[in-house]
Amino acid sequence: MINRQLQSPPIFGKANLDSTKHLNIFLPSMSNVRVRFEPSPTGSTHIGTARTALFNWLYARKTGGTYVLRIADTDKERNSQEALDELLSVLRWLGLDWDEGPEVGGDYGPYFQSQRKSIHMEYLQKLQDTGRAYEKDGAIFFKLEGERYTEYDEYHKAEIEKVRTEPVVVKDSIRGDVTRREERDFVIVRSNGDPGFHFVNVVDDIAMKITHVLRGEDHLSNTSKHLELYKAFGAEPPIYAHMPMILRDPKQGKGKMSKRDKGALIEEYQSRHFLPQAVVNFIALLGWSPKDDQEVLELKDLLERFDLKDLQKGGARFDEKKMSHINFEHMKRLPMATYLPPAKAALLDADLASEENDAYIEKVLTICQEKIDSFENLPGFASYFFTENYPINEKAEGKATGNSDSIQRIQEITPLLDSIELWDASTIDNAFNRLAEEKELKPFAWYPVVRFAVSGTNSGPDFLPMLEVLGKDRVVNRLRKFESKYANLAAK
RNA sequence: GUCCCGUUCGUCUAGUCAGGCCUAGGACACAGGGUUUUCAUCCCUGCAACAGGGGUUCGAAUCCCCUACGGGACGCCA
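Residues numbered from 1 in each chain as written. Chains lettered and ligands numbered in written order. Predicted model: local features only at pLDDT ≥ 70, side-chain atom pairs only at ≥ 80, totals over all residues. Heavy atoms only, no water.

Topic: the overall build of chain A
Helix and strand content of chain A: 19 helices and 13 strands. For a compact globule of 492 residues, the expected C-alpha radius of gyration is about 23 Å, and chain A comes in at 31 Å, more than 25% above that figure. Oriented by its inertia axes, the alpha-carbon framework of chain A measures out at about 100 × 55 × 40 Å. Counting across all 492 residues of chain A, residues that qualify as buried make up 52%. Pairs at least 24 apart in sequence give 70% of the contacts found in chain A among residues at least 6 apart. On chain A, roughly 23300 Å² of surface is accessible, and the fraction owed to carbon and sulfur atoms is 49%. (Helix = DSSP H or I, 4+ residues; strand = E, 2+ residues; numbered from the N terminus. Rg over C-alpha atoms; globule rule 2.2 N^0.38 Å. Buried < 20%, exposed > 50% of the residue type's maximum accessible area, 1.4 Å probe, protein only. Contact = heavy atoms within 4.5 Å. Areas by Shrake-Rupley, 256 points an atom, 1.4 Å probe, with all protein chains shown as cover.)

Rendered as structure tokens:
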């Protein structure tokens, strides 16, 4: 086996065949495995869609196979260019590159199903030649083999025609052999002339020589249709793997997660400045787990540990808190060079930072990084570093101004801090210590009120570094402001 | 309604295939304590599960059966 090298940070376009080079791990050389991810560009990207994309990618990379991206755009009514652009950009954001598909081409194109009509029609002809297709109500149906009979159907509330077919067996590497019987002819070409999902799905998988199909469990029942088509074409079906559904947080209701649920859309994580590696990490943990106890994993770690047989069978419930935690773990591990851009973006979004003050922003971030779990919370956590118009936490205000000593504490420390020439944490520390000694108190007597006076809250980064980063001017000015604002406390 | 798939702490899961190493492990969340003389970080402790019933076995979370519950499919959507 030759080790496959892959590249960084996911650069796409023409030359992305090896775009996992940056992961810098050993992968098997080319194998015959061909998997495909077949999204339909009809809206925002669902978390389950992303997981399907991820697991297909992992399986392809793990086996040295080929990852095919095929766009399911057969329903003209619901497709849009924006949705397609969005989809491709989400895949890139997640770091999932494809070997064949839109923008990169490949030997089995076109990769848009809407452009494969001639291929679909060829296969349709085969079915018609063997008497396995017929027209009804303007649409073309696939004809099942077996004895026909009519029966009242409780679900359709009507008398319908059914077929006593032989059962088919789905070879599923997660669930084992699943036996099911298809009992109704189904539409393969709609009356508007466009081929339908089940048909194109199978035809394209045959034509593109797909060997493994990883998809959601919602397709498991459909698979009997697909197997009937494979039989009719005399083609060898792929190995299937039906992944468990991602279910709603019970607080949000029952059933599988829908696009309307909070946390369901990848675009939501992008706009909230979540880290892509955290999103990848979290969705990988839904229905799959590494066998060691390590949970914080990047793409390359997932690749090392991934195995189809370790997929869970039962549905997984989405948990927003765990998602945030995973994001936090990744954020803490980020080097400043990679931490800065998204953090700055979040600050810019909140109109806090300006383009020029990178050095200052970096200082702020250095002391905040270990404390906050998400970039979206950064503005709330650190606004007072950037503006005088920061929010005042009422609870903290109550505490800080709760006793009459507060104003006195501020009056004592302000001149000392004002007289400091070399403004750094240790000098500031000395000032507090000297004062404490003189007053026979602990420095702790000053900390809470000073923190509140300069930040409007009682929580934040480590105290002394915070004062250092804020700078003498801000600190002293805010202490003076505090003095005048709460002057009445002194009178008590 | 019919068919298919599932079911270990509140949640994600390890363990199930090859029964004993499981008084069921980890993580999130929650609760309590502690450190950091502040803090949303960090550390410690606690809480908490084999859906129920039958069977096989010396022994069952693990194998078999039934029940219950959950999920999915049943579209001229994908």
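Structural notes on the packing of helix H7 (residues 276–284) against helix H9 (residues 320–333)
The description of two packed helices rests on the angle between their axes and on the distance between the axes. Contact pair H7 / H9: the axes reach a minimum separation of 9 Å and the direction vectors enclose 135°. The angle between H7 and H9 falls in the class oblique. As H7 runs across H9, the sense of the crossing is right-handed. On H9, the residues that touch Gln277, Ala278, Val279, Asn281 and Phe282 of H7 are Lys322, Met323, Ile326, Asn327 and His330. (Axes fitted to C-alpha atoms, helices over the stretch in contact; angles between N-to-C directions. Parallel < 35°, antiparallel > 145°, perpendicular 65-115°, else oblique. Left-handed = near helix turned anticlockwise from the far one by under 90°.)

Examining the nonpolar core
Within the largest apolar cluster, 112 residues are counted, with the highest numbers of intra-cluster contacts made by Phe55, Phe385, Leu417, Val450 and Leu467. The element contributing the most residues to this core is helix H1 (residues 47–63), with nine residues. Sequence-distant contacts of Val450, that is, excluding residues within four places in its chain, are made with Ile410, Ile413, Phe432, Phe463, Leu467 and Leu479. With 31 residues, the next largest nonpolar core counts Leu127, Val189, Val200 and Val202 among its residues. (Core = buried A, V, L, I, M, F, W, Y, C linked by side-chain atoms within 4.5 Å.)

A short note on the pairing of strand E10 (residues 212–216)
Among the five residues that make up E10, five are buried, leaving the element largely enclosed by the rest of the structure. Bridge count for E10 against strand E11 (residues 239–243) is five bridges, and the pairing is parallel. Within E11, the position partnered with Gly216 by the bridge is Met243. Chirality of the crossover, the property in question, places the unit of E10, helix H5 (residues 223–233) and E11 among those that are right-handed. (Pairing = 2+ DSSP bridges. Right-handed = clockwise from strand over helix to strand, strands pointing away.)

Examining the sheet that holds strand E9 (residues 186–189)
One open sheet accounts for three strands, arranged E3-E4-E9; its pairing is antiparallel. Unpaired on one side and paired on the other, strand E3 (133–136) and E9 mark the two borders of the sheet. Pairwise comparison of adjacent strand axes, ignoring direction, gives a mean angle of 50° for this sheet. Of the strand pairs in this sheet, E3 and strand E4 (residues 139–142) are connected by four bridges, and their pairing is antiparallel. Bridging across to E4, Ala133 finds its partner in Phe142.

Overview of H5
Of all eleven residues in H5, ten are buried; the element is thus mostly enclosed. Taken residue by residue, H5 has Thr223, Ser224, Lys225, His226, Leu227, Glu228, Leu229, Tyr230, Ala232 and Phe233 as its buried positions. In the segment just after H5, Gly234 is the residue with positive phi, at about 65°.

Comments concerning the protein's contact with RNA strand B
In the vicinity of RNA strand B there are 64 residues, among which Arg175, Arg190, Gly287, Glu295 and Arg451 approach most closely. Counted by atom, the contact set of RNA strand B within 4 Å of the protein is 68% sugar and phosphate. Taking Ser191, its side chain carries an N or O atom lying 2.6 Å from a base oxygen of RNA strand B. Between Glu295 and RNA strand B, the recorded distance is 2.5 Å, taken from a side-chain N or O atom to a sugar or linking oxygen. Elements with a minimum of two residues in the surface near RNA strand B: strand E8 (176–180), helix H4 (197–207), strand E13 (316–317), H9, helix H15 (425–439) and helix H16 (447–455). Per element, the largest residue contribution to the surface near RNA strand B is five residues, and it comes from H9. Here the surface near RNA strand B is composed, by residue class, of 18 nonpolar, 20 polar and 26 charged. (Near = heavy atom within 4 Å. Polar contact = N/O pair within 3.5 Å; in protein donor to acceptor, adjacent residues only side chain to side chain. Nonpolar A, V, L, I, M, F, W, Y, C, P; charged D, E, K, R; others polar.)

Section: the confidence of the model for chain A
Put simply, chain A has an average pLDDT of 87, and 92% of its residues get 70 or more. At the level of chain-chain contacts, confidence expressed as ipTM amounts to 0.92, with global pTM at 0.88. (pLDDT = per-residue confidence, 0-100.)

Things to note about the pattern of salt bridges
All chains considered together, the criterion is met by 45 salt bridges. One salt bridge in this structure joins Arg92 and Glu103, with 2.4 Å as the shortest N-O distance. Residue Arg92 is located in helix H2 (residues 81–94), and its partner Glu103 is located in the loop between H2 and helix H3 (117–129); the two are separated by eleven residues in the primary sequence. One salt bridge connects Lys117 with Asp194, and the closest N-O pair in it is separated by 3.4 Å. Placement of Lys117 in helix H3 and of Asp194 in the loop between E9 and H4 is noted, with a sequence separation of 77 residues between them. Owing to a relative accessible area of 34%, Lys117 belongs among the partly exposed residues under this scheme. The class of Asp194 is buried, set by a relative accessible area of 8%. One network of salt bridges, in which partners are shared, links Glu151, Asp153, Lys162, Arg181 and Glu183. (Salt bridge = Lys/Arg side-chain N within 4 Å of Asp/Glu carboxyl O.)

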